[in-house]
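# Architecture at a glance
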Amino acid sequence: MSSKKYEEPRVLAIILGGGKGTRLYPLTKERSKPAVPFGGKYRIVDIPISNCINSGFKKIYLLTQFNSASLHLHIINSYNFDRFSHGFVEILAAEQTLEHSGWYEGTADAVRKNFLHFKRQNPTHYIILSGDQLYRMDLKKFMDQHIESGANITIAAKAVNRRDATGFGIMQLDDKNQITAFMEKPAADLNIDEWKIPEKSRSPELPKDLEYLASMGIYIFDAATMDEMLDNDFMDFGKEIIPMAIKKKKVSSYIFNGYWEDIGTIRSFYEATLDLTNPVPNFNFYDETAPIYTHMRNLPPSKINNADLTSTLASEGCVITNSRLQHSVIGVRSIINEGCDLDGVVMMGADYYETDEVKAYNRKKGIPDVGIGRNCKINKAIIDKNAHIGENCCINISGKKYEDGDHGLFYSADGIIVIRKDAVVPNGTVI
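First, a word on scope: everything that follows refers to the structure included in this document. (Residues numbered from 1 in each chain as written. Predicted model: local features only at pLDDT ≥ 70, side-chain atom pairs only at ≥ 80, totals over all residues. Heavy atoms only, no water.)

## Side note on the packing of aromatic side chains
- A full pass over the atoms with the stated rule returns 17 aromatic pairs.
- Plain terms: the ring middles of Phe-38 and Phe-285 are 6.3 Å apart, the flat faces sit at 45° to each other, and that makes the pair tilted. With Phe-38 in strand E2 (residues 37–38) and Phe-285 in the loop between helix H9 (266–275) and strand E14 (303–305), this pair connects stretches of sequence that are 247 residues apart.
- The buried category is assigned to Phe-38, whose relative accessible area is 2%.
- Residue Phe-285 is classed as buried on the basis of its relative accessible area of 15%.
- Here Lys-119 stacks its cationic end above the ring of Phe-115, 4.9 Å away from the centre of that ring. (Phe/Tyr/Trp six-rings, centres within 6.5 Å; stacked < 30°, edge-to-face > 60°. Helix = DSSP H or I, 4+ residues; strand = E, 2+ residues; numbered from the N terminus. Buried < 20%, exposed > 50% of the residue type's maximum accessible area, 1.4 Å probe, protein only. Lys NZ or Arg CZ within 6 Å of the ring centre and 35° of its normal.)

## Details of empty space enclosed by the protein
- What the rule picks out here adds up to three cavities of 30 Å³ or more.
- The volume enclosed by the largest cavity comes to roughly 40 Å³.
- Looking at the largest cavity, the residues that line it are Pro-37, Phe-38, Gly-39, Gly-40, Phe-269, Thr-273, Val-329, Val-346, Met-347 and Met-348.
- Secondary structure elements with two or more residues in the lining of the largest cavity: E2, H9 and strand E19 (341–347).
- A per-class count over the lining of the largest cavity returns seven nonpolar, three polar and no charged.
- For the second largest cavity, the calculated volume is near 40 Å³.
- What lines the second largest cavity is Arg-333, Ser-334, Ile-335, Met-347, Gly-349, Ala-350, Val-370, Gly-371, Ile-383, Asp-384, Asn-386 and Ala-387.
- Within the lining of the second largest cavity, the residues separate by chemical class into six nonpolar, four polar and two charged. (1 Å grid on protein atoms, 1.4 Å probe; cavity = no way out; pocket = protein on both sides within 12 Å on 5 of 7 lines; lining within 4 Å. Points joined across faces, edges and corners; volume = space filled by probe spheres on them. Nonpolar A, V, L, I, M, F, W, Y, C, P; charged D, E, K, R; others polar.)

## A few points about the side chain of Gln-326
- Take Gln-326: it is sitting in strand E17 (residues 324–330).
- Since its relative accessible area comes to 18%, Gln-326 is described here as buried.
- A polar contact is formed between the side chain of Gln-326 and the side chain of Asp-343, at a distance of 3.3 Å.
- In this view, Gln-326 contacts Thr-310, Ser-311, Thr-312, Leu-342, Asp-343 and Gly-344; residues no more than four positions away in its chain are not counted. (Polar contact = N/O pair within 3.5 Å; in protein donor to acceptor, adjacent residues only side chain to side chain. Contact = heavy atoms within 4.5 Å.)

## A closer look at helix H2 (residues 69–78)
- Along H2, the residues that are buried comprise Ser-70, Leu-71, His-74, Ile-75 and Ser-78. Down the axis of H2, the buried set is contained in an arc of 130°. They therefore lie on one face. Residues of H2 that are exposed and angled more than 90 degrees away from the buried face: Ala-69 and Leu-73.
- For H2, the elements touching its buried residues are strand E3 (42–43), helix H1 (46–54), strand E4 (59–64) and strand E5 (88–93). (Arc of directions from axis to C-beta.)

## Remarks on the nonpolar core
- Of all hydrophobic cores here, the largest spans 40 residues; its most connected members are Val-111, Phe-118, Ile-128, Phe-221 and Phe-237.
- Top contributing element to this core by residue count: helix H8 (residues 237–248), with six residues.
- Not counting residues up to four positions away in its chain, the partners in contact with Ile-128 are Ile-14, Leu-16, Val-111, Gly-217, Ile-218, Tyr-219, Phe-221, Met-226 and Phe-237.
- Among the nonpolar cores identified, the runner-up in size contains 30 residues, and Ala-13, Phe-57, Ile-60 and Ile-75 belong to it. (Core = buried A, V, L, I, M, F, W, Y, C linked by side-chain atoms within 4.5 Å.)

## Things to note about the pattern of salt bridges
- If you walk through the whole model with that rule in mind, you get 17 salt bridges.
- For the salt bridge of Glu-211 with Lys-196, the shortest nitrogen-to-oxygen distance reads 3.5 Å. Taken together, the residues Glu-211 in the loop between strand E10 (179–184) and strand E11 (212–222) and Lys-196 in the loop between E10 and E11 connect sequence positions 15 residues apart.
- Judged by relative accessible area, Lys-196 falls into the partly exposed class, the value being 33%.
- Among the ionic contacts, a cluster of salt bridges with common partners joins Asp-109, Arg-112 and Lys-113. (Salt bridge = Lys/Arg side-chain N within 4 Å of Asp/Glu carboxyl O.)

Given below as structure tokens:
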């Protein structure tokens, strides 16, 4: 870190909660994208919030408008700062005012409509983050480079190959890391050789096939620049604000070489979650110097009764009996009864333990207990919270292929079976 002295910036972190989250449906049927459970005991939103806290940025706003109740409850239960730190995590849902009456129409519009709240904090800088990305970043280093470069805006960027470049906004750099042009999702057959990363900007460890610089959707703005760039009707940062700013302002890049994954689809969510079961996962939850924070539930330790667990994460409060689990992530309060075989399963657990009275009442109605009943075989599936899976069920075992979409009892996405939150799967069901 540079020893250069400067006035300590007053930073507001703004986490964008995204839209309806249709690509993550049905996990987003009753919750917003940032509130989707991840890694057994966390929510996706815990990742950017923890990056902020670990970097010393403790004034955090979370902008959302769809299915915000679950997210609001999680934030209230998880992030309580002492009164001496002046820190907070506050949700700003879309609201009607005398100035505007509609929903957020885009990322820039969401920020613009909340200036009234932001300016009360008298910030010198804004850092804009996404609520559905998986990465660890020292945002303090990001801010230090922004200030030392004299830039008005700095964009966090990731090196990508030509094939992946079609899915991102690609940036052109000069030899001083200043961005001179921006192209949104270039077509696969378009010649973009002139957009390759300059040799002076490449780090020695960067693989040679990663030749282009993609925007991560993470920005730092000087406060005055943010005011100026949003004094218009443009709705989106990536498509409108950033290209306009490059023509008018000094816009620099911050090249990030660590792991970064957009977990905005069922496939990417599933693969990123199961990657946590690898001996050396891409995303490391086991860093004591920079923990990932979440709701402290005060649950008991998990009880493993004569079970065989291989490459599996089991969260707190689980009871797993005489079963075989491999390459699976098991969420809080999960109950897995004897004789089960799970392979490649993301089980999100439960919000509660059922009482004996509730179990007896449900059984009379033919509803299995919350959790997984005896002698079930489940492969390549996501089981959302509070699911009731009966005995002798087979899920994604036969090799049958389902079209993507809703199939009544379950949802299929790219070969992954999703059992919805609170779903009831009767005894003997075969999917």
